[in-house]
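# Architecture and fold: a report
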Amino acid sequence: MSSIHAEIIRKHLKLYFIMGSINCQRHPVDVLSEAIAGGITLFQYREKGPGALKGQAKLELAQQLLKLCREHHIPFIVNDDINLAIAIRADGVHVGQDDESASIIRKQLGSHAIIGVSAHTISEAEQAIQDGANYLGIGPIYPTQSKPDAKAVLGTRLIQKLRIKGIDIPLVGIGGITIDNAADVIQAGADGISVISAIASAASVRNATALFNQNLNI
Ligand code: TZP
Ligand code: MG
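About the cut-offs
Residues numbered from 1 in each chain as written. Chains lettered and ligands numbered in written order. Predicted model: local features only at pLDDT ≥ 70, side-chain atom pairs only at ≥ 80, totals over all residues. Heavy atoms only, no water. Pairing = 2+ DSSP bridges. Helix = DSSP H or I, 4+ residues; strand = E, 2+ residues; numbered from the N terminus. Axes fitted to C-alpha atoms, helices over the stretch in contact; angles between N-to-C directions. Contact = heavy atoms within 4.5 Å. Near = heavy atom within 4 Å. Polar contact = N/O pair within 3.5 Å; in protein donor to acceptor, adjacent residues only side chain to side chain. Areas by Shrake-Rupley, 256 points an atom, 1.4 Å probe, with all protein chains shown as cover. 1 Å grid on protein atoms, 1.4 Å probe; cavity = no way out; pocket = protein on both sides within 12 Å on 5 of 7 lines; lining within 4 Å. Sits in = over half its atoms within 2 Å of the grid points. Expected span 1.5 Å × (residues − 1). Donors = N, O, S within 2.8 Å, 3.2 Å for Na, K, Ca; no water. Buried < 20%, exposed > 50% of the residue type's maximum accessible area, 1.4 Å probe, protein only. Core = buried A, V, L, I, M, F, W, Y, C linked by side-chain atoms within 4.5 Å. Salt bridge = Lys/Arg side-chain N within 4 Å of Asp/Glu carboxyl O. Phe/Tyr/Trp six-rings, centres within 6.5 Å; stacked < 30°, edge-to-face > 60°.

Quick look at the sheet that holds strand S5 (residues 114-119) now. Think of a sheet as strands paired side by side through backbone hydrogen bonds, with each pair either parallel or antiparallel. Strand order around the closed barrel formed by 8 strands is S1-S2-S3-S4-S5-S6-S7-S8, with parallel pairing between neighbours. Pairwise comparison of adjacent strand axes, ignoring direction, gives a mean angle of 25° for this sheet. Packing against the sheet, helix H10 (residues 205-216) makes contact with strand S1 (15-19) and strand S8 (192-195), and its axis sits at approximately 150° to S1.

All residues in the neighbourhood of ligand 1 are listed as Arg46, Thr144, Ser146, Lys147, Ile174, Gly175, Gly176, Val195, Ile196 and Ser197. The separation between an oxygen atom of ligand 1 and a polar main-chain atom of glycine 176 is 2.7 Å. Look at ligand 1: alone it shows 380 Å² of surface, and the protein chains cover 93% of it. A majority-of-atoms criterion places ligand 1 in the largest pocket.

The first and last C-alpha atoms of helix H3 (residues 55-71) sit 25 Å apart over 17 residues, in line with the 24 Å expected at 1.5 Å per residue. In this structure, the buried residues of H3 make contact with S1, helix H2 (28-38), strand S2 (42-45), strand S3 (76-79) and helix H4 (82-88). Among the residues trailing H3, histidine 73 stands out with phi positive, at a value near 60°.

Turning our attention to the coordination of the magnesium ion (ligand 2). Protein-derived ligands of the magnesium ion (ligand 2) are Asp80 (OD), Asp80 (OD) and Asp99 (OD), with the metal-ligand distances lying across 2.2 to 2.6 Å. Placement of aspartate 80 in the loop between S3 and H4 and of aspartate 99 in the loop between strand S4 (92-95) and helix H5 (102-109) is noted, with a sequence separation of 19 residues between them. For aspartate 80, a relative accessible area of 27% puts it in the partly exposed group.

Before going further, it helps to examine the nonpolar core. Ranked by internal contacts, the top residues of the largest apolar core, which has 59 residues, are Phe17, Leu32, Ile40, Phe43, Phe76 and Ile193. Counting residues per element, this core draws most heavily on H3, which supplies 6 residues. Beyond its immediate sequence surroundings of up to four residues, phenylalanine 76 is in contact with Phe43, Tyr45, Ala62, Leu65, Leu66, Cys69, Ile88, Ala90, Asp91 and Gly92. Among the nonpolar cores identified, the runner-up in size contains 10 residues, and Tyr16, Ile18, Val172 and Ile196 belong to it.

Bringing the pattern of salt bridges into the picture now. Between side chains of opposite charge, a pair can form when the charged atoms approach closely. In total, this model carries 11 salt bridges according to the counting rule given. Of the charged contacts, one joins lysine 48 and aspartate 80 as a salt bridge, the two residues approaching to 2.9 Å between their closest N and O atoms. One end of the pair, lysine 48, is in the loop between S2 and H3; the other, aspartate 80, is in the loop between S3 and H4, and 32 residues separate them in sequence. A network of salt bridges, in which partner residues are shared, links Glu7, Arg10, Arg163 and Asp191.

The final tally for this structure, using the stated rule, is 4 aromatic pairs. Taking the centre distance of 5.6 Å and the plane angle of 55° together, the rings of phenylalanine 43 and phenylalanine 76 count as tilted. One end of the pair, phenylalanine 43, is in strand S2; the other, phenylalanine 76, is in strand S3, with 33 residues separating them in the sequence. Here phenylalanine 43 falls in the buried class, since its relative accessible area comes to 0%. Arranged with centres 6.3 Å apart and planes meeting at 35°, the rings of tyrosine 45 and phenylalanine 76 form a pair that is tilted. Here the residue tyrosine 45 occupies a position in strand S2, and phenylalanine 76 occupies one in strand S3, the gap between them amounting to 31 residues. In this structure phenylalanine 76 comes out as buried when scored by relative accessible area, which is 0%. Chaining the aromatic ring pairs together yields one cluster made of Phe17, Phe43, Tyr45 and Phe76.

Rendered as structure tokens:
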């Protein structure tokens, strides 16, 4: 990975909104549209969990959301589903520890794809870097309602430890991040935060996103 690419990814990680249809109380296109107006910098389509769309409906929603992201120059990442990412020419994928390794996915998606990997320990982080991940998602930082199978809460310690070790890969914190605790995650050494519910379930998605942005300018 060239370092220019890494610096661009780092900037895009600042306010990383993750969402699928089950996270939305209104049409996902309206929710994403407001989040873009509020200033998100990266989007992940995570169509997962009980009641999530499948097949054609999943593909069609992905295409609608991708179109919106393209119009606003927001890179579009697909959670887990490599075939969907290839079919719609997404900008990248995000995978967990139970999915294919970044090196195998790189062969399928090519050198320009953004590949993110979730890591919960230093050794998972080191392995993902060795496999060619472009960024890491570290979490859950705080308790979360959005991932029933989330691992133990980490706080900000793992982010701090990775940075103290000199690991400088772009990384985001995830899990239970709110407008009030977002700055602590950045102060620990993250390049950005990823958020589902504090944006998708906000009374005003646009205002919540804008407030996140204000609190991240530290
Ligand atoms: N991975 C670790 S925690 C989490 C994921 C996908 C859920 C984050 O959602 P929220 O609502 O921002 O806590
Ligand atoms: Mg996964």
